Number of protein chains: 2
Amino acid sequence: MKEEKIISLLKRRFKSPKGIVGIGDDCAVLPYSKKEYLLFTTDTILEDVHFKISHISPYYIGYKALAVNISDIAAMGGIPLYAVINLGLPEFNLKLVDAVYRGVKKIACDFDVRIVGGDTVKSGKLFLAVCMMGKVEKKFLVKREGARAGDLIAVTGQIGNAYVSGKHYKFTPRLKEARWIVKNLKPSSMIDISDGLVIDLFRICQASKKGAVIIKDEIPVSSGVKNFYSAITEGEDFELLFTIPSKNKFQDKIPETKTKITIIGEITCRPGIYLKTAQKLKKIKPQGYDHFERNNFGI
Amino acid sequence: MKEEKIISLLKRRFKSPKGIVGIGDDCAVLPYSKKEYLLFTTDTILEDVHFKISHISPYYIGYKALAVNISDIAAMGGIPLYAVINLGLPEFNLKLVDAVYRGVKKIACDFDVRIVGGDTVKSGKLFLAVCMMGKVEKKFLVKREGARAGDLIAVTGQIGNAYVSGKHYKFTPRLKEARWIVKNLKPSSMIDISDGLVIDLFRICQASKKGAVIIKDEIPVSSGVKNFYSAITEGEDFELLFTIPSKNKFQDKIPETKTKITIIGEITCRPGIYLKTAQKLKKIKPQGYDHFERNNFGI
């Protein structure tokens, strides 16, 4: 994938010193206090790439811009604290700005995130580049690396149809779920599904130097899904994908939120992602949403 | 100014809790350790607004994106630590990405900033939204508010011609200077001149609930300046503008860097910015670079 090429260029150019997780996870992990790390993440949402002005109200554009960053903090097991927002605005339109920031405020209040700064620039297309800071207790930090052969692969909620259903605008970041998971299931790795189940599982495998087998019939696809392959590659589900050492106790429902957890496969020594059906075991390409590939799904 | 309207909308919507400096200064100031605050800032540079692809090499686009954020950290008296970068890219072009990040790396190395993450999105125009984290000793923190009547107004280096000379791409952020100033001159307020001497002085006055008189003949304009008024309003100088209680000792040159410091006026009780010439005292509009005004200077 082309995006991966950019990421590896960056990884090579900006090597992280010892004790710091830099480029290549959902958040950077930085020194903070004796018992906690600081988390630092950023995500941009851009008109005609992540949303269409004609499809959705500005309120949900603001909402989503914060939600995707909260989802990144959740994926490391942490808690969001502060955010700054870069707003690219096609024209001076206070009503639009107000609506975008009403959406930002709603989710910021819900998740106790303080908006502490930002920058507004004139831009041909509307965009929001949000940067978020959070923290995580050292004992609860979970990264993409850490999955071991034999670990179970689990996913929250349902996969697929995020674009068609509008879930990708209005989703509730899985923060409560992530906090419950790190405290109770002790996952060996975790990621949020932003670019698609397959590519995000591939990212866990790559970071952990492992492979995976997922079982087609076990994958909890949304009820409206027509094409199974699209469901596992189109992305924007913002569910949690994680691995659990098989010796750990397991529970298939998160008590507080009633969110379902489904075991969908197993980490393997053999590299590559394999899809298991009743008939066969088929290697699948690590495909998902890529900004620079032609066959993009999405809007 | 229209940009100010957006900022006041944000200030109203996102009030900061006690002990936190939020929207409205160069950086957010957040709790960190017993003796230090965390600084958090963000700035975007965008094709055809802050640079033209045909004017400048991608190297300096990367360089500038980091430099403007380092300048914000410097303006609070702090030290930069970490940055994440959102890159908006018109097409998949690894050579371009590499050149941009070579510029980023150069200045990151010079100023000891760790690049710890980022996001790459497809975008019609090239942009870099950088978010930077830094720290400042509590005793050295300096904000926009804090100027008192009678304080001297001072500026580093020279003002004007930043666009024509190319200084706005290649400037060295005044970090060493800022650190020397907070340690030795004990300024009562400080800002970096990004949108123009007049508007940025107005921001100090507004935050401090004061006014100012600046003396035309004292303002150190660059040698190539043809229009005095443009020089003090066009912006992108990235010099430091600060106020010093008149009882503090003063030195007009920073020993390590040989940077000149010039006293250009005085803070007053009377609101408004006044320009003093040999003939008269004239009130001037708080004008500067505004993304949403028609009479923009710059490229």
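All values derive from a computational prediction rather than experimental measurement. (Residues numbered from 1 in each chain as written. Chains lettered and ligands numbered in written order. Predicted model: local features only at pLDDT ≥ 70, side-chain atom pairs only at ≥ 80, totals over all residues. Heavy atoms only, no water.)

Caption draft 1: The sheet that holds strand S5 (residues 127-137) of chain B, seen in detail. Residues and elements named next belong to chain B. With respect to topology, five strands assemble into an open sheet ordered S1-S2-S5-S3-S4, the strand pairing being mixed. A strand with exactly one partner marks an edge of an open sheet, and here the two such strands are strand S1 (28-31) and strand S4 (114-122). Strand-to-strand twist across the sheet, computed as the mean angle between neighbouring axes with direction ignored, equals 20 degrees. Alignment of S1 against strand S2 (residues 36-46), held across four bridges, turns out to be antiparallel. (Pairing = 2+ DSSP bridges. Helix = DSSP H or I, 4+ residues; strand = E, 2+ residues; numbered from the N terminus. Axes fitted to C-alpha atoms, helices over the stretch in contact; angles between N-to-C directions.)

Caption draft 2: Quick look at the packing of aromatic side chains. All names here are of chain A. Per the stated rule, a full pass over the model turns up nine aromatic pairs over all chains. Consider the rings of Tyr-59 and Tyr-60, whose centres lie 5.1 Å apart with planes at 80 degrees: the pair is edge-to-face. Owing to a relative accessible area of 24%, Tyr-60 belongs among the partly exposed residues under this scheme. An angle of 10 degrees between the planes, with centres 4.2 Å apart, marks the rings of Phe-171 and Phe-238 as stacked. Placement of the pair is Phe-171 in the loop between helix H5 (167-170) and helix H6 (175-184) and Phe-238 in the loop between helix H8 (228-231) and strand S9 (240-244), with a sequence separation of 67 residues. For Phe-171, a relative accessible area of 4% translates into the label buried. Taken together, the ring pairs connect Tyr-59, Tyr-60 and Tyr-63 into an aromatic cluster. Its guanidinium or amino end placed over the ring of Phe-228, Lys-216 lies 4.9 Å from that ring's centre, counting from NZ or CZ. (Phe/Tyr/Trp six-rings, centres within 6.5 Å; stacked < 30°, edge-to-face > 60°. Buried < 20%, exposed > 50% of the residue type's maximum accessible area, 1.4 Å probe, protein only. Lys NZ or Arg CZ within 6 Å of the ring centre and 35° of its normal.)

Caption draft 3: Spotlight on unusual backbone geometry. A positive phi is found at A:Lys258, a non-glycine position, where the angle reads about 65 degrees. Residue A:Lys258 is classed as exposed on the basis of its relative accessible area, which comes to 59%.

Caption draft 4: Representation of the relation of the copies chain A and chain B within the structure. Turning chain A through 180 degrees and shifting it by 0.0 Å along the axis lays it on chain B, with an RMSD of 0.0 Å. The two molecules are tied by a two-fold rotation axis, judged by turn and shift. (Least-squares fit on C-alpha atoms with pLDDT ≥ 70 in both.)

Caption draft 5: Main features of a positive patch on the surface. All names here are of chain A. Side chains of Lys-34, Lys-35, Lys-139, Lys-183, Lys-186 and Lys-249 sit close together on the surface and give a patch of like positive charge. Within the secondary structure, Lys-35 sits in the loop between strand S1 (28-31) and strand S2 (36-46). For Lys-35, a relative accessible area of 65% corresponds to the exposed category. (Patch = residues over 30% accessible without salt bridge, like charges linked within 9 Å, V, L, I, M, F, W, Y side chains within 5 Å. Areas by Shrake-Rupley, 256 points an atom, 1.4 Å probe, with all protein chains shown as cover. Salt bridge = Lys/Arg side-chain N within 4 Å of Asp/Glu carboxyl O. Lys, Arg positive; Asp, Glu negative; His and termini not counted. Charge placed at Lys NZ, Arg CZ, Asp CG, Glu CD.)

Caption draft 6: Here's a closer look at helix H2 (residues 58-75) of chain B. All names here are of chain B. An ideal rise of 1.5 Å per residue puts 26 Å on 18 residues; H2 measures up with 26 Å between its terminal C-alpha atoms. Within H2, 15 of the 18 residues are buried, which leaves it mostly tucked inside the rest of the structure. Positive phi appears at Gly-77, one or two residues downstream of H2, with a value of about 90 degrees. (Expected span 1.5 Å × (residues − 1).)

Caption draft 7: Representation of the domain arrangement of chain A in the model. Residue and element names in this part refer to chain A. Domain annotation for chain A reports domain 1 (2-139) and domain 2 (142-284). Using C-alpha coordinates to define each centre, domain 1 is positioned 22 Å away from domain 2. At the interface, 28 residues of domain 1 touch 23 residues of domain 2. A buried area of about 2,200 Å², summed over both sides, lies between domain 1 and domain 2, and 55% of it is on carbon and sulfur atoms. Arg-179 is the salt-bridge partner of Glu-137, the closest N and O atoms lying 2.8 Å from each other. Counting the contacts that link domain 1 with domain 2 gives eight residue pairs in polar contact (both at pLDDT 80 or more). Where the side of domain 1 that touches domain 2 is concerned, the elements lending two or more residues are helix H2 (58-75) and strand S3 (79-89). By residue number, the principal contributor to the side of domain 1 that touches domain 2 is H2, which donates ten residues. (Domains from an automatic or database assignment. Contact = heavy atoms within 4.5 Å. Buried area = accessible area lost by both parts, 1.4 Å probe. Polar contact = N/O pair within 3.5 Å; in protein donor to acceptor, adjacent residues only side chain to side chain.)

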